[in-house]
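# Coordinates in review
The residues making up each chain are set out below.
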Amino acid sequence: MPRTNTSPGVIQMRPLDPTKDAELIHPWVTHPKAAFWMMQDAKLQDVEREYMAIAANPDHDAFIGFVDGEPAFLMERYDPSKVELVGLYEPQPGDVGMHFLVAPTDTPVHGFTRTVITAVMAELFADPATARVVVEPDVRNQAVHALNEAVGFVPEREIQKPEKKALLSFCTRAQFETAVGASI
């Protein structure tokens, strides 16, 4: 999708439908820029199967994000006490795990990804039950570490997951509001 508008635009999200959206997100998750998504060699059926498993899991959700009506990003929300981080940290009430991926483009717009992560965080904190967002990006993913810091995440420590060495980081509602200068 070409991105020419430098304003944030209208951002909306809807639940991902694995059978209808797999074709849309397949090129996103297999793109070289999505290397840390770890689906580089996935076939369309693999993507559909992965997101069908997420849809069937009551503790994990996936969403398609739109900017000005155009599909532009993928967001996953999960309960880190039951998915992804079981046994790797001490969960607290109100913890919500998050993954996000911006669709690849040949015409990047400066600040677009930061706008997306800010919208994702605002969406997560729109739920009053969310006290803290938890992320576990690959330790080598310097770009996402900078984005996470920009929206208020504070790294806690490195953890070893089965598929990667990750940087466990947390962001409270207050840290997010301070970082982005907004009240949620």
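Owing to the predicted nature of the structure, the values given are computational and were not obtained by experimental measurement.

Basis of the calculations
Residues numbered from 1 in each chain as written. Predicted model: local features only at pLDDT ≥ 70, side-chain atom pairs only at ≥ 80, totals over all residues. Heavy atoms only, no water. pLDDT = per-residue confidence, 0-100. Helix = DSSP H or I, 4+ residues; strand = E, 2+ residues; numbered from the N terminus. Contact = heavy atoms within 4.5 Å. Pairing = 2+ DSSP bridges. Axes fitted to C-alpha atoms, helices over the stretch in contact; angles between N-to-C directions. Buried < 20%, exposed > 50% of the residue type's maximum accessible area, 1.4 Å probe, protein only. Right-handed = clockwise from strand over helix to strand, strands pointing away. Salt bridge = Lys/Arg side-chain N within 4 Å of Asp/Glu carboxyl O.

## A look at the confidence of the model for the protein
- Residue-level pLDDT values for the protein average 92, and 95% of them are 70 or greater.
- Least confident of the elements in the protein is helix 4 (residues 142–150), whose mean pLDDT is 94; most confident is strand 5 (residues 132–135), at 98.
- Here residues 1–6 is modelled with pLDDT under 50, and outside its nearest four sequence neighbours on either side it reaches 21 contacts, counting other chains as well.

## Observations concerning the sheet that holds strand 3 (residues 70–78)
- Strand order in the open sheet formed by seven strands is 1-2-3-4-5-7-6, with mixed pairing between adjacent strands. A single partner strand is all that each edge strand has here, and the edge strands are strand 1 (11–15) and strand 6 (154–160). When strand polarity is set aside, the average angle formed by the axes of neighbouring strands in this sheet is 30°.
- Inspection of the sheet shows strand 1 paired to strand 2 (residues 60–67) by five bridges, in the antiparallel sense. Bridging across to strand 2, Pro15 finds its partner in Phe63.
- Relative to the sheet, helix 1 (residues 18–30) contacts strand 1, strand 2, strand 3 and strand 4 (95–102), its axis offset from that of strand 3 by approximately 85°.
- The strands that helix 3 (residues 112–125) touches are strand 1, strand 2, strand 3, strand 4, strand 5 and strand 7 (165–172); relative to strand 4, the one it contacts most, it runs at about 150°.

## Let's talk about the pairing of strand 5
- Burial along strand 5 is two-sided: Arg132 and Val134 facing one way and Val133 and Val135 facing the other are all buried.
- For the segment spanning strand 4, helix 3 and strand 5, crossover handedness is right-handed.
- Here strand 5 runs beside strand 7; their pairing, made up of four bridges, is antiparallel. Note that in strand 7 the partner of Val135 across the bridge is Ser169.

## Side note on the pattern of salt bridges
- Under the criterion given, the structure shown has 12 salt bridges.
- One salt bridge in this structure joins Lys164 and Glu136, with 3.2 Å as the shortest N-O distance. Residue Lys164 is located in the loop between strand 6 and strand 7, and its partner Glu136 is located in the loop between strand 5 and helix 4; the two are separated by 28 residues in the primary sequence.
- The shortest N-O distance in the salt bridge between Glu163 and Lys161 comes to 3.0 Å.

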